[in-house]
Amino acid sequence: MMIDPRGPRFGALITMVVFAIVLITSNVWLLAVQALCFAMGTVLGLPRSPYGLLYRWLIRPRLGPPAELEAAAPPRFAQAVGLVFSVVGVIGYAAGVGGLGMAAVAAGLVSAILNGIFGLCLGCEMYLLIRRIWPGRQQLAAADANKEVSL
């Protein structure tokens, strides 16, 4: 499945704001909502996640067609990575270990800033690296690399 790469960047901008608010307020409930958004993006796919739906309904109609599409698997993996950081943050804040919660949210915030502002998706890069080094996956990684070149 191919997706508009501007959608995940839009979601990263929203995530950036949410993580910044959580760092300022230590609001575990807001972080839990963000974790739920990541879970939906991981399980249902980015186009059916809350931020993906917002992008599709409110932003996408006002933009021209994307210059290129990207594979959905790397951003979906990045959602799973964001889910892990969010869950660790929720556990940290809920257990009274504020330092753990703050560290997890700060790591997520840095990742969201890199993706939303600079277009560098760390989770996507992790996905591609894992695909390249995982035994038995070299053929799939080569196929992915050929797809990227052909776009």
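Residues numbered from 1 in each chain as written. Predicted model: local features only at pLDDT ≥ 70, side-chain atom pairs only at ≥ 80, totals over all residues. Heavy atoms only, no water.

### Examining unusual backbone geometry
Here is step 1 of the chain: Backbone geometry at serine 26 places phi at a positive 55°, although glycine is not the residue there.
Here is step 2 of the chain: By secondary structure assignment, the location of serine 26 is in the loop between helix H1 (6–25) and helix H2 (28–44). (Helix = DSSP H or I, 4+ residues; strand = E, 2+ residues; numbered from the N terminus.)

### Some remarks on the packing of helix H4 (residues 73–94) against helix H6 (residues 122–133)
Here is step 1 of the chain: Put simply, H4 and H6 touch, their axes get as near as 7 Å, and they point 110° apart. Taken as axis vectors, H4 and H6 run roughly perpendicular relative to one another. For the pair H4 and H6, the crossing hand works out as right-handed. Of H6, the residues touching H4 (which contributes Ala73, Pro74, Pro75, Phe77, Ala78 and Val81) are Gly123, Cys124, Met126, Tyr127, Leu128 and Ile130.
Here is step 2 of the chain: Of the residues in the contact of H4 with H6, the class split is 11 nonpolar, one polar and no charged. (Axes fitted to C-alpha atoms, helices over the stretch in contact; angles between N-to-C directions. Parallel < 35°, antiparallel > 145°, perpendicular 65-115°, else oblique. Left-handed = near helix turned anticlockwise from the far one by under 90°. Contact = heavy atoms within 4.5 Å. Nonpolar A, V, L, I, M, F, W, Y, C, P; charged D, E, K, R; others polar.)

### Considerations on the packing of aromatic side chains
Here is step 1 of the chain: Taken as a whole and assessed by the stated rule, the structure comprises three aromatic pairs.
Here is step 2 of the chain: Ring geometry for phenylalanine 10 against tyrosine 55: centres 6.0 Å apart, planes inclined by 45°, an arrangement best described as tilted. Taken as a pair, phenylalanine 10 in helix H1 and tyrosine 55 in helix H3 (residues 50–59) lie far apart in primary sequence, 45 residues in all.
Here is step 3 of the chain: Accessibility expressed as a relative area gives 7% for tyrosine 55, which makes it buried.
Here is step 4 of the chain: Both rings, one in phenylalanine 77 and one in tyrosine 127, keep their centres 5.8 Å apart while their planes meet at 50°; by these two values the pair is tilted. Remark: tyrosine 127 occurs in helix H6 and phenylalanine 77 occurs in helix H4; sequence separation between them is 50 residues.
Here is step 5 of the chain: Its relative accessible area of 27% is what places phenylalanine 77 among the partly exposed residues.
Here is step 6 of the chain: Judged by relative accessible area, which is 14%, tyrosine 127 ranks as buried. (Phe/Tyr/Trp six-rings, centres within 6.5 Å; stacked < 30°, edge-to-face > 60°. Buried < 20%, exposed > 50% of the residue type's maximum accessible area, 1.4 Å probe, protein only.)

### So, the confidence of the model for the protein
Here is step 1 of the chain: When pLDDT is averaged across the protein, the result is 91; 89% of the residues are at 70 or more.
Here is step 2 of the chain: Highest mean pLDDT in the protein belongs to H2 (98); lowest belongs to helix H7 (residues 138–150) (55). (pLDDT = per-residue confidence, 0-100.)

### Focus: a nonpolar patch on the surface
Here is step 1 of the chain: Taken together, the side chains of Leu13, Ile117, Phe118, Leu120 and Leu122 make up a nonpolar region of the molecular surface, amounting to roughly 440 Å² of accessible area.
Here is step 2 of the chain: One can find phenylalanine 118 in helix H5 (residues 98–118). (Patch = residues over 30% accessible without salt bridge, like charges linked within 9 Å, V, L, I, M, F, W, Y side chains within 5 Å. Areas by Shrake-Rupley, 256 points an atom, 1.4 Å probe, with all protein chains shown as cover. Salt bridge = Lys/Arg side-chain N within 4 Å of Asp/Glu carboxyl O.)

### Looking at the side chain of threonine 15
Here is step 1 of the chain: Counting through the fold element by element, threonine 15 comes out in helix H1.
Here is step 2 of the chain: Within the structure, the side chain of threonine 15 is placed 2.8 Å from the backbone oxygen of glycine 11, a separation counted as a polar contact.
Here is step 3 of the chain: Excluding its chain neighbours within four sequence positions, the residues that come into contact with threonine 15 are Gln34, Phe38, Tyr51 and Ala112. (Polar contact = N/O pair within 3.5 Å; in protein donor to acceptor, adjacent residues only side chain to side chain.)

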